[in-house]
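The chain contents come next:
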Amino acid sequence: MRRVLLWLTSVQSRSTAVVTLSLSAPSKPPPYRRQVDGWAGTSSRNQFTYNVLDNLKALTGVAPQIRIGADSEDHTVFNPSIQFSNATFPEPSSTAAQFLPAGTRVTWGLNLGANNITNAVREAQSLVKAFKSQEMKSADVILDFIELGNEADLYRNNGLRPSNYSPVNYTAEYLEKMAANVSQVAGISSTSHIKFLVGGFAGSSHTTGDFSPQAIYAAGILDSGPGQFITSFSEHRYSGSFCSGNVIVDIWTGYEATHAKGLEYVLGETNSYSCHGAPGVSNTAGAALWTLDYALFATQLGISRLFFHEGVGYKYNLIQPVELTRSTLYGSPLPAPLPPHVQPQYYAAVIAGEAIGKTGGAQAVELSIDNTRLAGYAFYEHGILARAVFINSRAHFSNATRSVIHVGLDFSRSSTTKPAKAHVKRLAIGLSDDVSGLKWGGQTYETLDGRVQGQLEVDDIQVANGFNIQDSEVVLVSF
């Protein structure tokens, strides 16, 4: 097996690190998939949203998957006479999802919180009717999953269920009431394309005694009837919570138990800080570095999909899809309306998409780097090293000296000819707390239409000379 040895030296601090990077892919590296939520429009296309989602599709050949639901799904009451309302579930027909990019795959949440079988069934009937319509077929927008309820583990706290509501109660309710009836009207079966996405819990006890994937598996949610139509488990995890201050929380707790059941593990809702983000953190350039590393590391655990929670005016949005008249940080009126725009985290999606490429077979493998400031991921095409991403997460603020790490590439252990040249593309960030002005390869996505603009800048390097990466920077090396 051919190998490349990378050494890293900090110019100022003199710290060193060694990375071993194979030119051939490991036998079973996990696949990478990247997701981002979006807003399609109502009676006509939201062109900005379409453009920024289509940018990502252009990079990978695959449209980002969309989850429609979250908290609103448990406050949804079916009323076919009203089309567009945050409070009333519209008969979706072809009025919204048809405006997403072709090939978009959708997860749709139905109301479990109301504990109203009739309401859920009518929602499901309308939903399936919409996705079978000619308009939706022509748009090539596909329903993959139906989700029943959002964060059911919190029902006992928010009044939707008694205080003694348990995983056993949830499992019985899910199987005997909701899934049994919804599967019939939605045509969900062992042979259908549409399947159930289960869970969506806000937290995990890590035990069978309280809400967790382990608990509902032990309660038999997969063992009979419509439970056999469950193919994925969803967990909602954030790196911290801004609901009651910047509290760091544990993450990614149920993937091993889920994989042991033969299911996919999905982060059905994720982002930096829950409660719509932390001001001065979630909306900054530093968040772009975190998002890229967070998403790529998730692949190493076999996490199949990540749905980044988005809304209108949320601090942690990758995309602000509509015109804003109030500050996302303070809620105060803006002196002038702010048009739709991308925020720094969007660049993480762009870089991830470019690193993945269009073959559909790219595999991401984390590099072992003896430097806590630097993360790295190698991307293999058909088992051969094609690209590598390096993320220097050390913060850089005003009035501070910006340090540099030199990355040297050493193929001396390789039994075959080493590559002589490589291409280097950089995410340029002024300061870690900047909220705009980022450039990827000299280009910007901070445009009125969301399309990339500017002269592309890519450096050609001699592999023997290596390259530098400074604080708060991302480098993509293409071999």
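Please refer to the structure placed before this passage.
Attention in this report is confined to the structure presented alongside it.

Calculation notes
- One numbering rule holds for all chains: residues counted from 1, following each sequence as written.
- It should be noted that, the model being predicted, local features are given only for residues of pLDDT at least 70 and side-chain atom pairs only at 80 or more, the latter also being counted only at that level, while totals for whole chains, interfaces and linings use all residues.
- The side-chain numbers reported here are obtained from all heavy atoms of the structure, hydrogens and water having been left aside.
- Only DSSP runs of H or I with at least four residues qualify as helices, and only runs of E with at least two residues qualify as strands; both kinds are numbered from the N terminus onward.
- Here's how the labels work: a residue is buried when its accessible area is under 20% of the maximum for its type, exposed when over 50%, partly exposed in between, all with a 1.4 Å probe on protein chains only.
- Note on contacts: a residue pair qualifies if any of its non-hydrogen atoms lie within 4.5 Å across the two residues.
- Residue-level accessible areas treat just the shown protein chains as cover; the underlying method is Shrake-Rupley with a 1.4 Å probe.
- Should DSSP find at least two bridges between two strands, the strands are regarded as paired.
- Crossover handedness is defined here as right-handed if the route from the first strand over the helix to the second strand goes clockwise, with the strands pointing away from the viewer.
- Stacked, tilted and edge-to-face pairs are distinguished by plane angle, under 30 degrees for stacked and over 60 for edge-to-face with tilted covering the rest, among Phe, Tyr and Trp rings (Trp via its six-membered ring) whose centres lie within 6.5 Å.
- Should the NZ of a Lys or the CZ of an Arg lie within 6 Å of a ring centre and within 35 degrees of the ring normal, that charge is described as sitting over the ring.
- Cysteine sulfur atoms that pair up within 2.5 Å are treated as a disulfide.
- A helix's residues, less one, multiplied by 1.5 Å, set its expected span.
- Throughout this description, a polar contact denotes any pair of N or O atoms lying within 3.5 Å of each other; where both atoms belong to protein, one of them has to be capable of donating a hydrogen while the other can accept it, and for residues adjacent in sequence the pair is counted only when both atoms sit in side chains.
- Bend is the name given here to the angle between axes fitted to two runs of seven residues, the run ending at a residue and the run starting at it.
- In plain words, nonpolar cores are sets of buried Ala, Val, Leu, Ile, Met, Phe, Trp, Tyr and Cys residues tied together by side-chain atoms within 4.5 Å.
- For helices, the axis comes from a line fit to the C-alpha atoms of the stretch in contact; other axes are also lines fit to C-alpha atoms, and the angle between any two N-to-C directions lies between 0 and 180 degrees.
- Oblique is the label for any angle not under 35 degrees, not over 145, and not in the 65 to 115 range, which are roughly parallel, roughly antiparallel and roughly perpendicular in turn.
- Polarity classes work like this: nonpolar for Ala, Val, Leu, Ile, Met, Phe, Trp, Tyr, Cys and Pro, charged for Asp, Glu, Lys and Arg, and polar for all others, with Gly in that last group.

## Quick notes on the overall build of the protein chain
Helix and strand content of the protein chain: 9 helices and 25 strands. In the protein chain, which comprises 479 residues, the proportion classed as buried is 54%. Pairs at least 24 residues apart make up 72% of the contacts formed inside the protein chain by residues separated by at least 6 positions. Of the roughly 19,600 Å² of accessible surface on the protein chain, a fraction of 51% belongs to carbon and sulfur atoms.

## Here's the deal with the pairing of strand S8 (residues 195-201)
Counting buried positions along S8 yields 7 of 7 residues, so the element is predominantly enclosed. Both strand S7 (residues 142-148) and S8 contribute to a ladder of 3 bridges, which runs parallel. Note that in S8 the partner of Ile146 across the bridge is Phe196. In terms of strand pairing, S8 meets strand S9 (residues 230-241) through 5 bridges, oriented parallel. The partner of Leu197 across the bridge, within S9, is Ser232. Considered for its hand, the β-α-β crossover made up of S8, helix H6 (residues 213-218) and S9 is right-handed.

## Regarding the packing of aromatic side chains
Considering all chains together, one arrives at 19 aromatic pairs under this definition. Plain terms: the ring middles of Tyr346 and Tyr445 are 5.7 Å apart, the flat faces sit at 65° to each other, and that makes the pair edge-to-face. A residue pair is termed long-range when its members are at least 10 positions apart, and Tyr346 in helix H9 (residues 346-356) and Tyr445 in the loop between strand S22 (439-440) and strand S23 (459-462) qualify at 99 residues. Ring pairing ties together the aromatic residues Tyr155, Tyr165, Tyr170, Tyr174, Phe196, Phe201, Phe211, Tyr217, Phe233, Tyr255 and Tyr265, which thus form one cluster. In this arrangement the basic side chain of Arg161 is found over the ring face of Tyr165, its NZ or CZ atom lying 5.5 Å from the centre.

## Quick look at the state of the cysteines
A full pass over the atoms with the stated rule returns 1 disulfide. Residue pairing for Cys243: its cysteine sulfur links by disulfide to Cys275, the two sulfurs lying 1.7 Å apart. Judged by the sign of its S-S torsion, about 90°, the bond between Cys243 and Cys275 is right-handed. Placement of Cys243 in the loop between S9 and strand S10 (247-248) and of Cys275 in the loop between strand S11 (264-274) and helix H8 (285-300) is noted, with a sequence separation of 32 residues between them. Judged by relative accessible area, Cys275 falls into the partly exposed class, the value being 37%.

## Remarks on helix H2 (residues 117-131)
Helix length check: H2 (15 residues) gives 21 Å between terminal C-alpha atoms against 21 Å at 1.5 Å per residue, within 8%. For H2, the complete set of buried residues consists of Asn119, Ala120, Val121, Glu123, Ala124, Ser126, Leu127, Val128, Ala130 and Phe131. The backbone nitrogen of Thr118 lies 3.1 Å from a side-chain oxygen of the residue at the head of H2, namely Asn116.

## Regarding the environment of Phe308
Among the secondary structure elements, Phe308 is positioned in strand S12 (residues 303-308). Residues Phe308 and Ile66 lie 242 residues apart in sequence; the distance between their C-alpha atoms is 9.4 Å.

## Let's talk about the side chain of Ser212
Looking at the element boundaries, Ser212 is found in the loop between S8 and H6. Classification of Ser212 by relative accessible area gives buried; the value is 0%. A distance of 2.5 Å separates the side chain of Ser212 from the backbone oxygen of Thr207, its partner in a polar contact.

## Quick look at helix H5 (residues 167-186)
Look at H5: only 25 Å from first C-alpha to last across 20 residues, short of the 28 Å you get at 1.5 Å a residue. At Ala179, H5 shows its maximal kink, close to 40°. Every buried residue belonging to H5 is among Pro167, Tyr170, Thr171, Glu173, Tyr174, Leu175, Met178, Ala179, Val182, Ser183 and Ala186, and all of these are buried. Lining the buried residues of H5 we find strand S6 (105-110), H2, S7, S8, H6 and S9. Phi for Gly187, located one or two positions after H5, is positive at around 70°.

## A word on the nonpolar core
In terms of nonpolar packing, the biggest core is built from 90 residues, with Ile146, Tyr170, Tyr174, Phe196 and Ile221 touching the most fellow members. For this core, the leading source of residues is H9, giving 9 residues. Counting residues in hydrophobic clusters, the runner-up holds 20 residues, among them Val365, Ile369, Phe390 and Val424.

## Looking at unusual backbone geometry
Backbone geometry places Asp140, a non-glycine residue, at a positive phi of 60°. Tracing the backbone through its elements, the reader meets Asp140 in the loop between helix H3 (134-139) and S7. The phi dihedral of His206 is positive, around 70°, even though this residue is not glycine. Here His206 is to be found in the loop between S8 and H6.

## Side note on the packing of helix H1 (residues 47-60) against H9
Here H1 crosses H9 at 20°, and the two axes come no closer than 7 Å. With respect to H9, the element H1 is oriented roughly parallel. Seen from H1, the contacting residues are Val52, Asn55, Leu56, Leu59 and Thr60; seen from H9, they are Tyr346, Ala349, Val350, Gly353, Glu354 and Ile356. When its residues are assigned to classes, the contact of H1 with H9 shows 7 nonpolar, 3 polar and 1 charged.

Worth remembering: the numbers are spatial, not functional.
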